[in-house]
Amino acid sequence: MRFASLGSGSEGNGLIVQAGSTRLLLDCGFGLADTARRLGRLDLAPEDIDGIVVTHEHDDHVGGVPRFARKHGIPVYLTYGTMVAAGAGKFDDVAITLIDSHTPVPIADIELRPFPVPHDAREPAQFVFCDGQRSLGVLTDTGASTSHIEQMLSDVDALVLECNHDIDMLMNGAYPYALKQRISGRLGHLDNGTASGLLGALTKIPGATGRMQHVIAAHLSKQNNTPVLARRGLAAVLGCDDQWIGVATQEDGFAWREIT
Ligand SMILES: [Zn+2]
Ligand SMILES: [Zn+2]
């Protein structure tokens, strides 16, 4: 199993997960040509994508999905709430599979395991991707951790984890008060400290210790975070070198990573 990112952050997201001959794209916040260009960096073409999974209706996640899916005939998997909030009419002529955020969905060689998250969207879900042996957990766009989230992520072999902001940078920065409240609120985005706390909680769940092959900080704010700060918090929890922690960037995402 392997995974890579097309880009990560408030200007657009896209993550590729491959197991066997199945390749899924999680979210697509980029335009048609830009998506193809970003796939090309990973030696992929649009025709190589077997399905698009959508987390929620915010533009940085769903903005590029309907056109890309229609143009290349790719089926889309999303919750009813996400479809309605994104605009159901946008998905005309697209093959849609509605998913329930508590029910696993087999998609060829990958089992998709959704779980709900607290975020200011209609029916947001995040996912664990499993090939029957190994699994990748993805958690971005959540304002808080929950015991259910931690349970779902407790036995993953790799984790892509939102480190949206440093709380001091956000609160001392230039954003308007209302935006600061939204981002830091329970339905907003994870800050470095909360992300580290979540990672720490995972390592304490029995059976989870020491299995993580990759930990990648994602959805970093350009204004209110730095890769150094995001890495430092997560590395402190794991007791590893800061550089072992990956960072997904807005322009480059990150290159392929293997889960063995
Ligand atoms: Zn987002
Ligand atoms: Zn969002």
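All values reported here derive from a predicted model rather than from experimental measurement.

Here seven strands make up an open sheet; going across it, the order is β6-β5-β4-β3-β2-β1-β14 and the pairing mixed. Of all the strands in the sheet, just β6 (96-98) and β14 (254-258) have a single pairing partner and so form its edges. Neighbour-to-neighbour, the strand axes of this sheet turn through a mean angle of 20 degrees, independent of strand direction. Its contacts with the sheet put helix α3 (residues 65-72) on β3 (22-26), β4 (51-53) and β5 (76-78), and the angle it makes with β4 is roughly 165 degrees.

Taken together, Asp60 (OD), His61 (NE2), Asp141 (OD) and His219 (NE2) make up the full set of protein donors to the zinc ion (ligand 1), lying 2.1 to 2.3 Å away. In this structure, the zinc ion (ligand 1) is surrounded by four donor atoms whose angles at the metal cover 90 to 161 degrees, and the resulting shape is irregular. Donor residues binding the zinc ion (ligand 1) come from one chain and are separated in sequence as D-H-x79-D-x77-H. Separating the zinc ion (ligand 1) from the zinc ion (ligand 2) is a gap of 3.7 Å, bridged by Asp141, which donates to each. Of the two residues, His61 sits in helix α2 (residues 59-62) while Asp141 sits in the loop between β10 (135-139) and α5 (147-152), which places them 80 residues apart along the sequence. The same class applies to His61 as to Asp141, namely buried.

Attention shifts here to the pairing of strand β1 (residues 2-7). Here is the key point about a regular strand: its side chains alternate between the two faces of the sheet. The buried fraction of β1 amounts to five of the six residues, a majority that puts the element mostly inside the structure. Sheet topology note: the β1/strand β2 (residues 14-19) ladder contains five bridges and is antiparallel. Bridge pairing links Gly7 to Gly14 in β2. Counted between consecutive antiparallel strands, the loop separating β1 from β2 contains six residues, among which Gly9 sits at a positive phi close to 145 degrees. Note that β1 and β14 share three bridges and pair antiparallel. By the bridge assignment, Phe3 is partnered in β14 with Arg257.

On to the coordination of the zinc ion (ligand 2). Protein coordination of the zinc ion (ligand 2) is provided by His56 (NE2), His58 (ND1), His119 (NE2) and Asp141 (OD), with donor distances spanning 2.2 to 2.4 Å. With four donor atoms in place around the zinc ion (ligand 2) and angles of 91 to 167 degrees between them, the coordination shape is irregular. Sequence positions of the donors to the zinc ion (ligand 2) reduce to the motif H-x1-H-x60-H-x21-D. The class for His119 is buried, based on a relative accessible area of 4%.

A side chain with one charge may pair with a side chain of the opposite charge, provided their charged atoms come close. All told, the structure shown has 10 salt bridges when counted by the stated rule. Between Arg113 and Glu111 there is a salt bridge; the shortest N-O distance is 2.7 Å. A residue is classified by how much of its surface remains accessible, and Glu111, at 30% relative accessible area, is partly exposed. Its salt-bridge partner being Arg182, residue Asp120 comes within 2.5 Å of it at the nearest N-O pair. Separated by 62 residues along the polypeptide, Asp120 in the loop between β8 (110-116) and β9 (125-130) and Arg182 in helix α7 (residues 177-184) bring together distant segments of the chain.

So, how was this worked out
- Residues numbered from 1 in each chain as written.
- Chains lettered and ligands numbered in written order.
- Predicted model: local features only at pLDDT ≥ 70, side-chain atom pairs only at ≥ 80, totals over all residues.
- Heavy atoms only, no water.
- Pairing = 2+ DSSP bridges.
- Helix = DSSP H or I, 4+ residues; strand = E, 2+ residues; numbered from the N terminus.
- Axes fitted to C-alpha atoms, helices over the stretch in contact; angles between N-to-C directions.
- Contact = heavy atoms within 4.5 Å.
- Donors = N, O, S within 2.8 Å, 3.2 Å for Na, K, Ca; no water.
- Tetrahedral: all angles 85-135°; square planar, octahedral: opposite > 155°, others 65-115°.
- Buried < 20%, exposed > 50% of the residue type's maximum accessible area, 1.4 Å probe, protein only.
- Salt bridge = Lys/Arg side-chain N within 4 Å of Asp/Glu carboxyl O.

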